Amino acid sequence: MTEYDEPTGPTPVLAVVGRPNVGKSTLVNRIIGRRQAVVEDRPGVTRDRISYDANWNGRAFTVVDTGGWDPDARGLFERIAAQAEVAVSLADAVLFVVDATVGITDSDEAVVRILRKSGKPVVLAANKVDDQRAEAEAYGLWNLGLGEPFAVSALHGRGSGDMLDAILAALPETPMETFGEAGGPRRIALVGKPNVGKSSLLNQLAGSERSVVDDVAGTTVDPVDELVTMGDRDWRFIDTAGIRKRVKEASGHEFYASLRTSTAIDRAEVAVLVIDAGQTVSEQDMRIIQTIRDAGRAMVLAFNKWDLVDDERRYYLEREIERDLVQVQWAPRINITARTGWHVDRLVPALDKAIEGWETRVPTGALNTFLGRLVGEHPHPVRSGKQAKILFATQPSTSPPTFILFTTGKLDASYERFVERRLREQFGFVGTPIVIQQRPREKRKR
């Protein structure tokens, strides 16, 4: 997607599944057109970021790389199958990657059973087809019963165009639902680390025991979509609490939680981060906040279990918020007790503020009048005898608000943060990240 494209809502999601070391991450890099997924010639090196923006023939979609973690022989099939189940439950279509040089394995067949049961469209990629001999072996994958195997070489790009055409055919033309005032309900992702009360909050909002609630972390098995009426409007909530209890390995737990959370955020308009007010703001909370910001989604912070917070904890919590959440001071904050429903009604006004900020557009004239005054009063510092200036600015898109600054030179990061702070003071932007891109003027060639 170019920087000038206007986002039209959540993009379709393609999950890339397959057993370790079949070349999933290399193929993801080929699809997204840049080397971003971690690639190494040993199984299980995909660990961190798992979702990427992709574009083919003018159509945008999200790619979720389920590379996984370092496997051992014990329980390998079960982990691959569980990984596929999570990905399939969250995706619009699936790219199933098989190593054509190895052929069909028991774990491939286990994944095929899950794919058939899901009813989701599947594109079969026979990877590592680098010569005529491998191409002949790829035809044996017809036996999987998933239709035509697309012979590709992720490393060299062979056959990737035909595969991408098939992927576009499998993905919905537009998201399954439309969002916003003119379309369907707003889509809200409930996110947060396990056992902070996400399912309790969803049950309170829905007025029923729709999600399984237990004191054991990770008892929600599947993502639960719930249509909830609040403030005379319908809202669609996604509960992302779930990580499967049967997977005992810590890396597996973290992987599932990360996969569910990042994919749900990508599909949402607003992410409600639920934090246990009785516990210290954790590194995991900070990672989820960064995922929301990176995805460009609006955000609301919900501090849950407020009935358990005494005066001493309240004092320390305020200090933690000042120290750790300084980068997201713009996010509306509500204090709630999901178990009893105390102050849960404050969620709707907070969501409305966040959506309004997320969709705010500043007219070009007003934007440049504001920046002209700002630069006049607070010019950029002089660096090496030169002073960068903002010549002109425009806001090409909203959701999130994105600004392009045309400048005479590169602005300091601190000055860019100053501009963002003043933009918020002037125009609001409550509950939304702001994207600022610089376009330094090219030096004239003599």
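Each chain has its residues counted from 1, following the order in which its sequence is written. Per-residue local features are limited, in this predicted model, to residues with pLDDT of at least 70; the limit for side-chain atom pairs, both in listing and counting, is 80 or more; totals at the level of whole chains, interfaces and linings are taken over all residues. Computation of side-chain values covers all heavy atoms of the structure but excludes hydrogens and water.

A.B. asks: Report on the packing of helix α11 (residues 364-377) against helix α12 (residues 413-427), specifying residues and quantitative values.
C.D. replies: Orientation is described by lines fitted to C-alpha atoms, with helices fitted over the stretch in contact, and by angles between N-to-C directions that extend from 0 to 180 degrees. Only runs of H or I of at least four residues qualify as helices and only runs of E of at least two qualify as strands under DSSP, and these elements are numbered from the N terminus. Where α11 meets α12, the closest approach of the two axes is 11 Å, and the angle between their N-to-C directions is 125°. One element, α11, and the other, α12, form an angle in the oblique class. With respect to the hand of their crossing, α11 and α12 are arranged in right-handed fashion. The segment α11 lies against α12, with A366, L367, F370, L371, R373, L374 and V375 engaging Y415, F418, V419, R422, L423, Q426 and F427. Residues are grouped as follows: Ala, Val, Leu, Ile, Met, Phe, Trp, Tyr, Cys and Pro are nonpolar; Asp, Glu, Lys and Arg are charged; every other residue, Gly included, is polar. When its residues are assigned to classes, the contact of α11 with α12 shows 11 nonpolar, 1 polar and 2 charged. Roughly parallel means an angle under 35 degrees; roughly antiparallel means over 145; roughly perpendicular covers 65 to 115; every other angle is labelled oblique. Each crossing is labelled by how the near helix is turned from the far one, with a counterclockwise turn of less than a right angle marking it left-handed and a clockwise turn marking it right-handed. Residues count as neighbours in contact if any of their non-hydrogen atoms are within 4.5 Å of one another.

A.B. asks: Before we move on, could you go through the pattern of salt bridges and cite the residues and values that matter?
C.D. replies: We define a salt bridge as a contact between a side-chain nitrogen of Lys or Arg and a carboxyl oxygen of Asp or Glu at a distance within 4 Å. Under the criterion given, the structure shown has 17 salt bridges. Between E135 and R158 there is a salt bridge, with its nearest N and O atoms 2.3 Å apart. With E135 in helix α4 (residues 132-138) and R158 in the loop between β6 (149-151) and α5 (160-170), this residue pair connects regions lying 23 residues apart in the sequence. When the shortest N-O distance is used, the salt bridge between E269 and R186 registers 3.0 Å. In this pair, E269 sits in the loop between α7 (250-267) and β10 (270-276) while R186 sits in strand β7 (residues 186-191), placing the two residues 83 residues apart along the sequence. To sort residues, take the accessible area from a 1.4 Å probe on protein chains only and compare it with the maximum for the residue type: under 20% means buried, over 50% means exposed, and anything in between is partly exposed. Using a relative accessible area of 5% as the deciding quantity, one classes E269 as buried. A relative accessible area of 8% places R186 in the buried class. A cluster of three or more residues bridged by salt bridges with shared partners is formed by R186, E269 and E359.

A.B. asks: Can you tell me about the nonpolar core, naming the residues and giving the values?
C.D. replies: In this description, a nonpolar core means a group of buried Ala, Val, Leu, Ile, Met, Phe, Trp, Tyr and Cys residues linked to one another through side-chain atoms lying within 4.5 Å. Core analysis: the largest hydrophobic core is formed by 27 residues, its most contacted members being F237, V272 and L351. For this core, the secondary-structure elements that each account for two or more residues are β7, α6 (198-206), β8 (224-230), β9 (233-239), β10, β11 (298-304) and α10 (347-358). Per-element accounting of this core gives the leading share, 7 residues, to α10. With 26 residues, the next largest nonpolar core counts V63, L95, F150 and A166 among its residues.

A.B. asks: Break down the sheet that holds strand β15 (residues 390-397) for me, citing the residues and quoting the values.
C.D. replies: Each pair of strands is called paired provided DSSP finds at least two bridges between the two strands. Strands sit in the order β15-β16-β17 across an open sheet of 3 strands; the sheet is mixed. Looking along the sheet, the strands with just one partner apiece sit at the ends: β15 and β17 (435-440). For this sheet, the mean angle separating the axes of adjacent strands, direction not counted, is 20°. Bridge count for β15 against strand β16 (residues 402-407) is 5 bridges, and the pairing is antiparallel. Counterpart to I390 in the pairing with β16 is T407. Against the sheet, α11 touches β15 and β16, its axis set at about 145° to β15.

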